[in-house]
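So you can see what is in the structure, the chains are spelled out below.
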Amino acid sequence: MDPGLINKNEERRLRFIRTKKNTLANWELYIFLIIPVAYIIIFRYIPMYGVQIAFKQFTFAKGIWGSAWVGLDQFKKFFTSPVFWQLLRNTLTLSLYSLFAVFPIPIILALALNSMRNAHYKKFIQMVTYLPHFISVVVLVGMMYTLLNPRIGMYGILYKLVTGTYPRDVLSSAKLFPHIFVWSGAWQNVGYNSIIFLAALSAVDPELHEAAMIDGASRFRRVLHVDLPAILPTVVILLILRCGSIMGVSYEKAFLMQNDLNRQTSQIISTYVYQVGLQSGTGNYSYAAAIGLFDSVINLILLVLVNQISRKINDTSLW
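Nothing here was measured: the structure is a model prediction, and the numbers come from that model.

1. Section: the overall build of the protein
Right, so step 1: Scanning the protein from terminus to terminus reveals 17 helices and 2 strands.
Right, so step 2: Here the protein has a C-alpha radius of gyration of 26 Å; the compact-globule value for 319 residues is 20 Å, and the former is much larger.
Right, so step 3: In terms of overall dimensions, the protein has C-alpha extents of about 95 × 75 × 40 Å along its principal axes.
Right, so step 4: Looking at the 319 residues of the protein, the share that counts as buried comes to 34%.
Right, so step 5: A total of about 20,200 Å² of accessible surface is found on the protein, and carbon and sulfur atoms cover 68% of it.
Right, so step 6: The centroid of the 28 positive side-chain charges in the protein is displaced by 9 Å from the centroid of its 15 negative side-chain charges.

2. Some words on the side chain of Ser194
Right, so step 1: Along the chain, Ser194 falls in the loop between α10 (177-193) and α11 (195-201).
Right, so step 2: Residue classification places Ser194 among the buried residues on the basis of a relative accessible area of 0%.
Right, so step 3: A distance of 2.5 Å separates the side chain of Ser194 from the backbone oxygen of Gly191, its partner in a polar contact.
Right, so step 4: Contact partners of Ser194, with chain neighbours within four places excluded, come to Pro106, Leu109, Ala110 and Tyr130.

3. What about the nonpolar core?
Right, so step 1: Counting residues in each nonpolar core, the largest one holds 53 residues, and the members touching the most others are Phe78, Phe181, Ile231 and Met257.
Right, so step 2: If we skip the residues at most four places from it in the chain, Met257 touches Val141, Met144, Tyr145, Leu171, Phe177, Ile180, Phe181 and Asn262.

4. Some words on the packing of aromatic side chains
Right, so step 1: For the structure on display, the rule yields 23 aromatic pairs.
Right, so step 2: The ring of Tyr287 is capped by Lys77, whose NZ or CZ atom sits 4.5 Å from the centre of that ring.
Right, so step 3: Its end group placed over the ring of Tyr166, Arg151 keeps NZ or CZ at 4.1 Å from the ring centre.

5. Considering the side chain of Asn262
Right, so step 1: Examined against the element boundaries, Asn262 turns out to sit in the loop between α14 (251-257) and α15 (263-266).
Right, so step 2: On the accessibility criterion, Asn262 (0% relative accessible area) is buried.
Right, so step 3: There is a polar contact of 2.9 Å between the side chain of Asn262 and the backbone oxygen of Leu171.
Right, so step 4: Those residues in contact with Asn262, other than ones at most four positions away along the chain, are Leu171, Ser172, Ser173, Ala174, Phe177 and Met257.

6. Re the packing of helix α16 (residues 269-279) against helix α17 (residues 285-314)
Right, so step 1: The interhelical angle for the contact between α16 and α17, taken along N-to-C directions, is 165°, at an axis separation of 8 Å. Between α16 and α17, the angle is such that the two are roughly antiparallel. Note on packing geometry: the crossing formed by α16 with α17 is left-handed. Facing Ile269, Tyr272, Val273, Val276, Gly277 and Leu278 of α16, the residues of α17 in contact are Tyr285, Tyr287, Ala288, Ile291, Gly292, Phe294 and Asp295.
Right, so step 2: Class assignment for the residues of the contact of α16 with α17 results in 10 nonpolar, 2 polar and 1 charged.

7. Details of the environment of Ala68
Right, so step 1: Structurally, the position occupied by Ala68 is in strand β2 (residues 68-69).
Right, so step 2: Given the relative accessible area of 40%, Ala68 is considered partly exposed.
Right, so step 3: For Ala68 and Phe55, which are 13 residues apart along the polypeptide, the C-alpha to C-alpha distance reads 8.8 Å.
Right, so step 4: Beyond its immediate sequence surroundings of up to four residues, Ala68 is in contact with Lys56 and Gln57.

8. Focus: α10
Right, so step 1: Compared with an ideal rise of 1.5 Å per residue, which puts 17 residues at 24 Å, α10 spans 23 Å between its outermost C-alpha atoms and is within 8% of the ideal.
Right, so step 2: At Trp187, α10 shows its maximal kink, close to 40°.

9. Details of the environment of Ser136
Right, so step 1: If you trace the backbone, Ser136 turns up in the loop between α7 (119-130) and α8 (137-147).
Right, so step 2: Sequence spacing of Ser136 and Gln188 is 52 residues, and the spatial spacing of their C-alpha atoms is 9.5 Å.

Cut-offs used in this document
Residues numbered from 1 in each chain as written. Predicted model: local features only at pLDDT ≥ 70, side-chain atom pairs only at ≥ 80, totals over all residues. Heavy atoms only, no water. Helix = DSSP H or I, 4+ residues; strand = E, 2+ residues; numbered from the N terminus. Rg over C-alpha atoms; globule rule 2.2 N^0.38 Å. Buried < 20%, exposed > 50% of the residue type's maximum accessible area, 1.4 Å probe, protein only. Areas by Shrake-Rupley, 256 points an atom, 1.4 Å probe, with all protein chains shown as cover. Lys, Arg positive; Asp, Glu negative; His and termini not counted. Charge placed at Lys NZ, Arg CZ, Asp CG, Glu CD. Polar contact = N/O pair within 3.5 Å; in protein donor to acceptor, adjacent residues only side chain to side chain. Contact = heavy atoms within 4.5 Å. Core = buried A, V, L, I, M, F, W, Y, C linked by side-chain atoms within 4.5 Å. Phe/Tyr/Trp six-rings, centres within 6.5 Å; stacked < 30°, edge-to-face > 60°. Lys NZ or Arg CZ within 6 Å of the ring centre and 35° of its normal. Axes fitted to C-alpha atoms, helices over the stretch in contact; angles between N-to-C directions. Parallel < 35°, antiparallel > 145°, perpendicular 65-115°, else oblique. Left-handed = near helix turned anticlockwise from the far one by under 90°. Nonpolar A, V, L, I, M, F, W, Y, C, P; charged D, E, K, R; others polar. Expected span 1.5 Å × (residues − 1). Bend = angle between axes of the 7 residues up to and from the residue.

The structure is reproduced here in structure tokens:
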């Protein structure tokens, strides 16, 4: 027998023995893995079986396997649809607006909180900024409709008090919809999103700050040259993940804020999928699945692309 083959078999056997010993020694940790692994398999992998209806003309009577195969017809139908460019523009507008305008705010908030000397005031600010995250999207939109009501809301009452006339309904304005959507989301999530940056800042070596203070660096200089470089890898990783979901604008919030007057800018890909798949009553599940699959493929491409760019620029990447 080939000596090389014997060595490979022996190596595999030793590797199997080591893996078995490690598994038995840490069996409690593997038990903890059962639930998350089962969740991923049941809710992430098994549903992939149904993705094939995007390439078929699906009907309940024939089922997934029995439905007629139409190939890329559903995708062509979407790409040639008169609403394709509008949906793509609206989705990218909301996503990129949120990325460039809101993404830096949790970083700034974390740097500011980390520099605060008054512990009680710091905890108070943290509590105030964290709390909105735990408000559900439905309640948040309900609050917005109440506060921004042009007749009985705080916005309408204050506007009439100052000008003597009632204001226009801002929630029905197509031009104002992106601003209201993005900045209400910023108010809700900025504090909670800053937690991961605060955790990264807690790992900064205090000796670096002491050395900078000896050199005469001000507090702002220490934030700029000590704290910010320390959390930069975390910022890059989160930015990559954010770019990987750039087409995944919050469906629930957009749908709840949507009305006939602002539909020009509030109709995004995810709400359109719901509309053609369920709300229309036609049951065009194949068409809706094709649109959703297109959305996911674009997110995957962006994730891989941004990850490769990040790896080349600063050697920080997801894989």
